[in-house]
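Chain by chain, the residues:
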Amino acid sequence: MDIKNLPLTEIGLAVGAVVCYVLLRRMGNGKKDESRSAKLMEKYATLTADNLAATPDEELVEAVVAHVLARAAESRRPDPVAELAVLPQPFTVVYSIWAVCKEMADGSYAAMKRATRHVVDAAVDGLPVVGAAASSEALATLRDTHAAKQDSTAAEAAFRQAVEQEAPLTLCAAYIRDHIPQLLGEDGEDEPAVEEPCDEA
């Protein structure tokens, strides 16, 4: 599945509003971190080459996520997933991976909102783009196992192990550094979802 062709705009706005605020809370744990999240949204409401260059690696993913949430918050009916549909593709890559990793860090796959399957599908496609192929495969297996209403304990453990080994969020920071022009819409076109080598004989 091509990540840039996902039916992101088909998710209901009411569901999107819930997802927005749930994910905002997942940027931190407790009131202190919620305040930090609000500050990040204000700080990264506008992204520029300069402020991304000045952002430390450990804050880069949150900067991109905060930008998406800040844009969504400007709407009377916040829907971060709808924002992804109009933003350059790297936002979907980073946001979906962050959302799934945060959801799984704080709970089980079964606890995820039903509509989050759209974010999961985007993460399955996005993880190989940042270099986390094993995490993508494990997440796809977990998604399919859960959809089949089978015991997903082993699949969940396999996903957590893959994430621990590959550290997708760390890979996302490097991905952001490499794709600042695309994030800022300065490259003139979306990049392909999967970059394949073009070696010639």
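Throughout what follows, the structure given in this document is the object of discussion.

Calculation notes
Residues numbered from 1 in each chain as written. Predicted model: local features only at pLDDT ≥ 70, side-chain atom pairs only at ≥ 80, totals over all residues. Heavy atoms only, no water. Axes fitted to C-alpha atoms, helices over the stretch in contact; angles between N-to-C directions. Helix = DSSP H or I, 4+ residues; strand = E, 2+ residues; numbered from the N terminus. Parallel < 35°, antiparallel > 145°, perpendicular 65-115°, else oblique. Contact = heavy atoms within 4.5 Å. Nonpolar A, V, L, I, M, F, W, Y, C, P; charged D, E, K, R; others polar. Salt bridge = Lys/Arg side-chain N within 4 Å of Asp/Glu carboxyl O. Buried < 20%, exposed > 50% of the residue type's maximum accessible area, 1.4 Å probe, protein only. Left-handed = near helix turned anticlockwise from the far one by under 90°.

## Comments concerning the packing of helix α4 (residues 57-73) against helix α10 (residues 168-178)
When two helices pack together, their arrangement is given by the angle between the helix axes and by the axis-to-axis distance.
Then comes step 1: Relative orientation of the contacting elements α4 and α10 amounts to 80°, with a least axis distance of 8 Å. The orientation of α4 with respect to α10, classified from their angle, is roughly perpendicular. Contacts between α4 and α10 involve Asp57, Leu60, Val61 and Val64 from the former and Leu169, Cys172, Ala173, Ile176 and Arg177 from the latter.
Then comes step 2: Split into classes, the residues belonging to the contact of α4 with α10 amount to seven nonpolar, no polar and two charged.

## A look at unusual backbone geometry
Then comes step 1: Of note, Lys149 is a non-glycine position whose phi angle comes to about 60°, a positive value.
Then comes step 2: Mapped onto the secondary structure, Lys149 falls in the loop between α8 (133-147) and α9 (153-166).

## Comments concerning the pattern of salt bridges
It is possible for side chains bearing opposite charge to pair when their charged atoms get close.
Then comes step 1: Overall, the coordinates contain six salt bridges when judged by the stated rule.
Then comes step 2: When the shortest N-O distance is used, the salt bridge between Arg143 and Asp121 registers 2.9 Å. With Arg143 in helix α8 and Asp121 in helix α7 (residues 117-130), this pair connects stretches of sequence that are 22 residues apart.
Then comes step 3: By relative accessible area, Asp121 is classed as buried at 19%.
Then comes step 4: In this structure, Arg160 and Glu156 form a salt bridge, with 3.1 Å as the shortest nitrogen-oxygen distance. Of the two residues, Arg160 and Glu156 both sit in helix α9, four residues apart, roughly one turn of that helix.

## Here we look at the packing of helix α6 (residues 89-106) against α10
Then comes step 1: At their nearest, the axes of α6 and α10 sit 10 Å apart, and the two run at 165° to each other. Here α6 lies roughly antiparallel to α10, going by the angle between them. For the element pair α6 and α10, the recorded crossing hand is left-handed. Mapping the contact onto sequence places Pro90, Val93, Val94, Ile97, Trp98 and Cys101 in α6 and Pro168, Leu169, Cys172, Tyr175 and Ile176 in α10.
Then comes step 2: When the residues that make up the contact of α6 with α10 are grouped by side-chain class, the tally is eleven nonpolar, no polar and no charged.

## Section: the environment of Ala174
Then comes step 1: Residue position: Ala174 is located in helix α10.
Then comes step 2: Counting along the chain gives 117 residues from Ala174 to Asp57, while the straight-line C-alpha distance between them is 7.8 Å.

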